[in-house]
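Examining the three-dimensional arrangement
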Amino acid sequence: MGATATTAPEQLWREAQQLIPGGVNSPVRAFKSVGGEPVFIERAEGAWLESIDGRKFVDLIGAWGPMILGHAHPGIVAAVNAAAAKGFAFGAPTSAEVRMARTIADLVPSIEMVRLVNSGTEATMSALRLARAYTGRDKIIKFSGCYHGHADFLLVRAGSGVATLGLPDSPGVPASVTANTLVADFNDEESVRVLFQEHGADIAGLIVEPVVGNSGTVAPAPGFLEFLREITRAHGALLIFDEVMTGFRVSLGGAQGRFGVLPDLTCLGKIVGGGVPVGAYGGRSDIMSLVAPAGPMYQAGTMSGNPLATAAGLAALEALRAPGVYERLEVTSAAIEAGFREAAASTGVPVVINRVGSMMTVFFTRESVTGWPSADRCDRAAYGAFFHAMLARGVYLPPAQFEACFVSLAHGEMEIDIIRKAAKESFEEVAKR
Ligand code: PLP
């Protein structure tokens with residue numbers, strides 16, 4: 001008999017592993033890096049997740065970023081229901097797509113024209129095809145510890161999920177496909193300079209997570225994004241911000257809004273879909289005009305601009321435009337950070353906490369974490385112990401050291417208190433190991 005909502009979690013997990021590779025539809029969900037079995041979620045509301053066996057958790061993942069307004073936000077639920085009643089997909093233009101494009105162009109400082117796709121992976125893959133089409137060059141630069149989705153040519157030293165599984169690169173990616181992917185180190189200007197000196201005339205674009213989320217949270221050093229802007233411009237290469245995580249997260253205008261550095265192209269995902277699958281890439285009109293059918297660079301999608309997705313995305317972006325939203329998120333996030341910091345200090349567990357707005361990571365290390373090499377030296381086993389101690393006390397952290405916690409607008413005083421208390425007891429447990 002197949003699994004039902006009343007199946008015991010252990011049985012469901014066995015069945016999942018027989019039917020789905022590793023039991024999950026995206027690797028990091030499987031708890032491989034922290035050990036143990038994943039929790040099956042039945043529903044979520046506000047800042048809370050509920051498992052199929054009725055356990056409740058304060059959620060600090062927010063579906064890996066999209067749920068900045070909290071789960072099952074009434075405005076988004078109503079918008080999706082209203083859109084569903086009018087039909088799920090037409091494969092023809094809709095007014096909502098135009099409203100969505102207008103909203104994105106209004107909010108993201110460097111975007112004049114935008115194309116909707118279905119995921120962050122599609123957004124980065126398409127933006128880099130466009131950079132190559134625009135410049136007529138083949139090489140690209142990415143940073144170690146930055147993840148830009150699972151397109152073959154970007155699966156090189158890609159941080160988070162890939163690193164967690166101990167796969168330096170994925171089998172199945174031919175060396176010829178990554179031959180034009182050059183890798184520098186985040187926050188290390190010299191590593192970028194060297195690549196431009198050697199390959200400057202062949203570099204189509206440089207793609208970066210302007211605040212890294214996929215090594216855990218890492219902020220750009222002062223001047224680093226400005227440096228990337230200057231060096232790409234000097235060599236005629238495009239600067240591409242992968243704002244799949246940071247877009248509408250670290251400010252309403254994303255990282256470019258927060259730090260005032262404008263890329264040529266921007267990739268979006270997660271929040272832009274309000275929890276429904278959406279991605280987008282956009283930028284200067286002269287570059288975007290190369291995309292088919294306006295221009296010759298081919299890129300398409302049956303479900304792109306889907307009515308349910310645009311309804312959810314528009315409702316989310318509208319809610320985020322309300323005054324005071326990001327100030328409130330900052331206050332809540334700072335309180336959670338302080339809770340972690342005080343709890344760690346009182347138990348003597350050495351940690352470094354990196355936070356940019358509502359993205360943060362507790363690194364189990366004594367040294368500052370400024371990029372992949374320092375992130376990689378963290379004590380993953382200590383993180384695993386902390387993760388399980390927190391989970392047992394009803395707080396759901398990312399199940400891997402190299403990920404960001406995402407705070408939502410639904411987190412309030414009660415959730416902050418629960419996190420603080422759980423953190424104190426959990427650090428005590430880690431200290432006793
Ligand atoms: N870019 C960044 C910075 C991401 O964090 C992710 C996913 O986590 C992606 C791209 C890929 O997005 P998706 O998982 O929607 O394909």
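Residues numbered from 1 in each chain as written. Predicted model: local features only at pLDDT ≥ 70, side-chain atom pairs only at ≥ 80, totals over all residues. Heavy atoms only, no water.

**Section: the confidence of the model for the protein**
We count it as follows: Think of pLDDT as the predictor's per-residue confidence, scored from 0 to 100. By definition in these notes, contact holds between two residues if any of their heavy atoms fall within 4.5 Å.
The share of residues in the protein with pLDDT of 70 or more is 96%, and the mean pLDDT across the chain is 95. Between residues 164-168, whose pLDDT stays under 50, and residues either more than four places distant or in other chains, the model counts eight contacts.

**Quick notes on the environment of His148**
Heads up, the rule is: Only DSSP runs of H or I covering at least 4 residues are called helices, and only runs of E covering at least 2 are called strands; the numbering of each starts at the N terminus. Definition of a polar contact: a pair of N or O atoms within 3.5 Å, with one able to donate and the other able to accept a hydrogen when the atoms are protein atoms, and with sequence-neighbouring residues admitted only if both atoms are side-chain atoms.
Inspection of the secondary structure puts His148 in the loop between strand E5 (139-144) and helix H5 (160-164). Contact partners of His148, with chain neighbours within four places excluded, come to Thr121, Thr124, Lys142, Leu154, Ile207, Val208, Glu209 and Asp242. A distance of 2.7 Å separates the side chain of His148 from the side chain of Asp242, its partner in a polar contact.

**Considerations on the packing of helix H7 (residues 189-199) against helix H8 (residues 224-234)**
Formally: Throughout, an axis means a line fitted to C-alpha atoms (over the contacting stretch in the case of helices), and angles, computed between N-to-C directions, take values from 0 to 180 degrees. When describing relative orientation, an angle under 35 degrees is termed roughly parallel and one over 145 degrees roughly antiparallel, while 65 to 115 degrees is termed roughly perpendicular and anything else oblique. Ten residues, namely Ala, Val, Leu, Ile, Met, Phe, Trp, Tyr, Cys and Pro, are considered nonpolar, four, namely Asp, Glu, Lys and Arg, are considered charged, and the remaining ones, Gly among them, are considered polar.
The interhelical angle for the contact between H7 and H8, taken along N-to-C directions, is 5°, at an axis separation of 11 Å. Between H7 and H8, the angle falls in the class roughly parallel. On the side of H7, the interface is formed by Glu189, Val192, Arg193 and Phe196, while H8 contributes Phe224, Phe227, Leu228, Ile231 and Thr232. In terms of residue class, the contact of H7 with H8 is made up of six nonpolar, one polar and two charged.

**Thoughts on the pairing of strand E7 (residues 203-208)**
Condition: The classification of residues rests on relative accessible area computed with a 1.4 Å probe and restricted to protein chains. Under 20% of the type maximum is buried, over 50% is exposed, and intermediate values are partly exposed. Criterion used throughout: strands pair if DSSP finds at least two bridges between them. Crossovers are marked right-handed if the path from the first strand over the helix to the second runs clockwise, as seen with the strands pointing away from the viewer.
Burial runs high along E7: six of the six residues are buried. Two strands pair when backbone bridges link them, and E5 and E7 are joined in this way by three bridges, in the parallel orientation. Each residue of the ladder has a partner; that of Lys139, found in E7, is Ile203. Taken together, E7, H8 and strand E8 (residues 238-242) form a β-α-β motif whose crossover is right-handed.

**Examining the sheet that holds E5**
Read from one edge of the open sheet, seven strands run E4-E10-E9-E8-E7-E5-E6, paired in mixed fashion. Edge positions in the open sheet fall to strand E4 (113-117) and strand E6 (181-185), since each of these has one partner strand only. The sheet shows a mean angle of 20° between the axes of neighbouring strands, direction not considered. When E5 meets E6, the two strands line up parallel, connected through five bridges. Residue pairing for E6: Ile140 is matched across the bridge by Thr181. Its contacts with the sheet put helix H3 (residues 95-107) on E4, strand E9 (265-268) and strand E10 (279-283), and the angle it makes with E4 is roughly 125°. Running over the sheet, H8 touches E5, E6, E7 and E8 and is turned about 145° from E8.

**Considerations on the site of the ligand**
Rules: Nearness here has a simple test: a residue counts as near a molecule or strand if at least one of its heavy atoms is within 4 Å of that partner. Areas reported here follow the Shrake-Rupley algorithm with a probe of radius 1.4 Å; residue values treat only the protein chains shown as occluding.
Close to the ligand lie Ser119, Gly120, Thr121, Tyr147, His148, Gly149, Glu209, Asn214, Asp242, Val244, Met245 and Lys270, which account for all nearby residues. Tyr147 is positioned such that a nitrogen or oxygen atom in its backbone is 3.4 Å from a nitrogen atom of the ligand. Summarising the interface, the protein chains cover 81% of the accessible area of the ligand, which totals 390 Å² for the free molecule. Its residues assigned to classes, the shell around the ligand comprises three nonpolar, six polar and three charged.

**Digging into the packing of aromatic side chains**
Where two aromatic rings form a pair, the distance of their centres and the angle of their planes describe that pair. Put simply, the test is: Each aromatic pair joins two rings of Phe, Tyr and Trp (for Trp, the six-membered one) with centres within 6.5 Å, and gets the label stacked for planes under 30 degrees apart, edge-to-face for over 60, and tilted for any other angle.
One pass over the full model with this rule turns up 14 aromatic pairs. Every member of this aromatic cluster is reached through a ring pair, and the members are Phe340, Phe364, Tyr383, Phe386 and Phe427.

**Structural notes on the side chain of Thr347**
Along the polypeptide, Thr347 turns up in helix H12 (residues 325-347). At a separation of 2.9 Å, a polar atom in the side chain of Thr347 contacts the main-chain carbonyl oxygen of Ala343. Leaving out residues up to four positions away in the same chain, Thr347 has contacts with Lys424, Phe427, Glu428 and Ala431.

**Observations concerning the layout of surface pockets**
Let me state the cut-off plainly: As defined here, a cavity is a set of points on a 1 Å grid over the protein atoms alone where a 1.4 Å probe fits but cannot get out. A pocket is an open set with protein on both sides within 12 Å along at least five of seven lines, and residues line them when an atom is within 4 Å of a point. Grid points are joined across faces, edges and corners, and a volume is the space filled by probe spheres set on the points.
Of the pockets and cavities examined, the second largest pocket occupies roughly 570 Å³. Residue lining of the second largest pocket: 26 residues in total, with Glu97, Val114, Arg115, Leu116 and Ser304 positioned closest to the centre. Taken together, the elements giving at least two residues each to the lining of the second largest pocket come down to H3 and E4.

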